[in-house]
Amino acid sequence: MKITNLLYMGALSALTLMSCTSNDDHSEWYGSEGIVFTTAIQSRVSGNAWNANDEVGIYMMNAGSEIGTATAQNKKYIAQANGTLIAAPGNGIYLPESGNVDFIAYYPYTTNVSGNKVTVNVSDQSNPAAIDLIYSNGTKGIEATTATTISLGFKHQLTKVTLNVSKDETVESLNELNVNMKGVSTEGEFNLADGTLTAIPNTNNKDIAMNVDAQGDNATVTAIILPSAASTEQSEVTLAFTLEGETYTHTIADPSVFDEGSNVSFDANLSINNGKPVVTVGAATIEDWTEKPGGDINVDFDGEGQPQPGGETVVLDESFATGQGAFTIDNKQLPNGEDSFVWSLGSYNDDKFMKASAYISGTGYASESWLVSPSIDLSQATTATLTFDHAHKFAGTPSEELTLWVTETSAENWQQLTIDKYGTNNDYTFVTPSIDLSVYAGKTIKFAFKYISTNSAAGTWEIKNVKVVANGEGGGTVDPEPEPEPGINLLTNPGFEDWTNELPTAWDNKTYNTGEIVKETSIKHGGNNALRQTSTSGTNKIQQEVAITAGKKYKISYWFLDNDTKASSRYWFAMVGSDNKTINDINSQIQQNDYSTDNAEWQQVTIEFTAPAGTVKMRYEVRTYRNMDSNEAGGYIYYDDMELVEIQ
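Here the structure is a predicted model, which is why all the values come from computation and not from measurement.

A. Up close: the pattern of salt bridges. Per the stated rule, a full pass over the model turns up 14 salt bridges. Of the charged contacts, one joins Glu643 and Lys555 as a salt bridge, the two residues approaching to 3.9 Å between their closest N and O atoms. Of this pair, Glu643 sits in strand β48 (residues 636–647) while Lys555 sits in strand β42 (residues 553–561); the two residues are 88 residues apart in sequence, bridging distant segments of the chain. One network of salt bridges, in which partners are shared, links Asp259, Glu621 and Arg623.

See below:
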């Protein structure tokens with residue numbers, strides 16, 4: 001069972017395009033300046049809304065066409081105080097009378113667009129919002145005649161660096177602190193056609209003055225820089241802290257931590273030791289640079305972040321991949337005497353589930369048995385939802401024989417809940433009910449799957465992927481599961497045999513399984529399927545979190561195929577503590593510096609490691625990149641037969 005806290009992520013940023021009718025005649029529906037864009041959620045370095053008079057560039061083109069053939073090219077839209085974007089005079093965009101269209105948009109607007117490229121310069125950090133490059137290229141195939149709302153999802157293209165600076169008693173105050181970053185790339189070109197960012201050669205050894213917000217004993221220091229993938233010449237970065245005539249320096253030897261769209265933060269402490277300035281800098285913490293209304297949200301780059309007020313928390317996540325986890329079995333009536341059983345771990349191919357059946361050796365038996373959840377703490381929740389996948393066969397009346405019950409743990413007063421969806425009764429078709437538990441918000445509960453049968457109706461019930469999601473200030477915890485036995489693959493769906501509509505089961509968190517992911521049935525290492533991931537200008541990942549134990553020894557193994565000149569791969573596993581922060585003690589063992597090279601054959605990666613102190617889970621993650629030499633994207637990497645096992 002995976003017990004974790006997840007942070008609900010809304011759209012990174014969105015604009016809505018309101019359309020009433022075709023308007024190729026510049027009709028009064030939109031006035032003389034075309035469509036008005038209204039903002040929904042913003043993600044800006046300056047806060048949660050556009051600043052008044054922010055300027056955004058927008059392109060519209062026929063669906064599937066290149067940006068160079070856009071029917072509306074680099075139209076300037078201006079942010080208003082109320083959050084709307086209105087076309088600058090003479091820049092209105094009008095939907096065509098028929099057909100489908102695509103949109104590309106970016107900020108900050110510039111008239112200096114050459115070959116679909118805009119220049120990027122981060123030398124001046126005095127106004128971070130003015131250099132906060134964000135980009136949208138995901139809105140495609142909009143039917144002009146029926147469009148009423150068109151959303152443009154924006155993403156950060158640069159990297160935010162944050163220094164959390166403190167001092168000891170040897171330093172009087174941080175109020176006069178200045179910080180420079182030395183050896184960074186400051187200029188680049190951003191290609192609006194495909195979203196690639198490339199540093200301009202010979203701009204990698206520049207200095208930039210970071211923004212300092214000092215409050216006595218503490219200071220927050222920030223800068224926006226080009227990501228490491230854009231500035232391949234960059235070999236190291238030096239931080240120079242200047243205070244009271246003293247200079248403290250620290251070198252970041254691995255600039256690859258500066259990934260696009262990330263907030264890379266360091267804790268730094270200043271002190272005077274034997275009359276000499278000393279700075280102690282901790283390991284980098286890499287977080288998604290994402291905001292939502294109500295304040296900043298920091299999400300750990302390689303996994304989930306801490307629960308935030310009003311956010312969404314996954315309180316229970318049980319796949320039954322290795323057994324019943326923390327669920328218990330309460331037998332009221334066994335089907336065939338004391339030596340028989342009802343619930344067991346079922347398996348079909350790589351699919352695991354808990355199975356209830358009283359049909360034994362061709363005979364049906366009367367029985368009653370409950371599969372009971374651990375305690376679910378909803379004391380801080382405002383709403384909660386239970387979902388699970390289930391299938392059945394041979395049941396007489398499923399809604400009477402396969403039921404769901406809930407109780408407050410303090411009262412033990414079981415009440416039946418309605419299961420809103422059952423599959424067909426002649427095959428094992430999994431369906432996913434959604435059960436509203438909001439009436440139990442603020443309480444601690446248990447729920448149970450109740451199976452009953454008779455001699456004439458002894459059906460089979462299969463259940464998997466049980467999840468409780470709570471909204472509020474956090475949903476609490478559930479009891480831990482027993483430790484797995486050595487040698488068992490701890491990953492769920494390791495061969496990508498089981499898929500949802502879009503993603504493989506257990507690899508289906510879209511926040512951490514990104515880019516184009518496709519079920520591949522012809523090119524595979526084993527089983528029926530492999531996973532194919534497409535390279536883009538940024539980093540695409542596949543990831544699954546797995547509970548592991550500090551001090552235990554484990555083996556990682558997986559297979560990949562890189563036979564495409566437009567793609568490369570590397571592994572980027574992470575150890576995580578109970579505070580959801582990464583533990584970096586063994587990063588050199590489990591995070592790859594170089595990238596894969598083309599090979600016509602499947603290649604295997606094998607790593608053995610001992611989980612460091614404080615580890616409670618592992619982020620099992622591999623990544624797909626564009627070709628790092630040519631910057632070409634659009635290639636494929638194939639993955640199959642993932643494995644994580646405990647070894648003696």
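Here the narrative resumes, following the displayed structure.
B. Expanded view of the packing of aromatic side chains. Scanning the model with the defined rule gives 22 aromatic pairs in all. A centroid spacing of 5.4 Å and a plane angle of 70° characterise the contact between Trp370 and Trp414, whose relative ring orientation is edge-to-face. Of this pair, Trp370 sits in strand β31 (residues 367–372) while Trp414 is found in the loop between β34 (402–408) and β35 (415–417), placing the two residues 44 residues apart along the sequence. Assessed through its relative accessible area of 24%, Trp414 is described here as partly exposed. With centroids separated by 5.8 Å and ring planes inclined at 85°, the aromatic side chains of Phe449 and Trp461 adopt a geometry described as edge-to-face. Here Trp461 lies in strand β38 (residues 460–472) and Phe449 lies in strand β37 (residues 444–453), a separation of 12 residues in the sequence.

C. Region of the structure containing the sheet that holds β48. If you walk across this open sheet you meet the five strands as β39-β40-β48-β42-β46, and the pairing is antiparallel. The two strands at the open ends of the sheet, each matched to only one other strand, are β39 (517–520) and β46 (603–610). Pairs of neighbouring strands in the sheet enclose a mean axial angle of 30°, with direction left out of account. Here four bridges tie β39 to strand β40 (residues 530–534), and the two strands are oriented antiparallel to one another. Each bridged residue has a counterpart across the sheet, and for Lys519 the counterpart in β40 is Leu531.

D. Local environment of unusual backbone geometry. In this structure, Pro108 follows Tyr107 across a cis peptide bond, with omega equal to 0°. Looking at the element boundaries, Pro108 is found in the loop between β6 (100–107) and β7 (113–114). In this structure, Phe320 is a non-glycine residue whose phi angle is positive, near 60°. Structurally, the position occupied by Phe320 is in the loop between β25 (311–318) and β26 (328–333). Since its relative accessible area comes to 0%, Phe320 is described here as buried. Positive phi is not limited to glycine here, since Phe496 has a value of about 55°. Inspection of the secondary structure assignment puts Phe496 in the loop between β38 and β39.

E. Examining the sheet that holds strand β14 (residues 187–191) more closely. In space, the four strands of this open sheet follow the order β7-β8-β14-β15, with antiparallel pairing throughout. Of all strands in the sheet, those with a lone pairing partner are β7 and β15 (196–199), marking the two edges. Of the pairings in the sheet, the one linking strand β8 (residues 117–121) to β14 comprises five bridges and is antiparallel in character. What sits directly across from Asn121, in β14, is Glu187.

Rules and cut-offs
- Residues numbered from 1 in each chain as written.
- Predicted model: local features only at pLDDT ≥ 70, side-chain atom pairs only at ≥ 80, totals over all residues.
- Heavy atoms only, no water.
- Salt bridge = Lys/Arg side-chain N within 4 Å of Asp/Glu carboxyl O.
- Helix = DSSP H or I, 4+ residues; strand = E, 2+ residues; numbered from the N terminus.
- Phe/Tyr/Trp six-rings, centres within 6.5 Å; stacked < 30°, edge-to-face > 60°.
- Buried < 20%, exposed > 50% of the residue type's maximum accessible area, 1.4 Å probe, protein only.
- Pairing = 2+ DSSP bridges.
- Axes fitted to C-alpha atoms, helices over the stretch in contact; angles between N-to-C directions.

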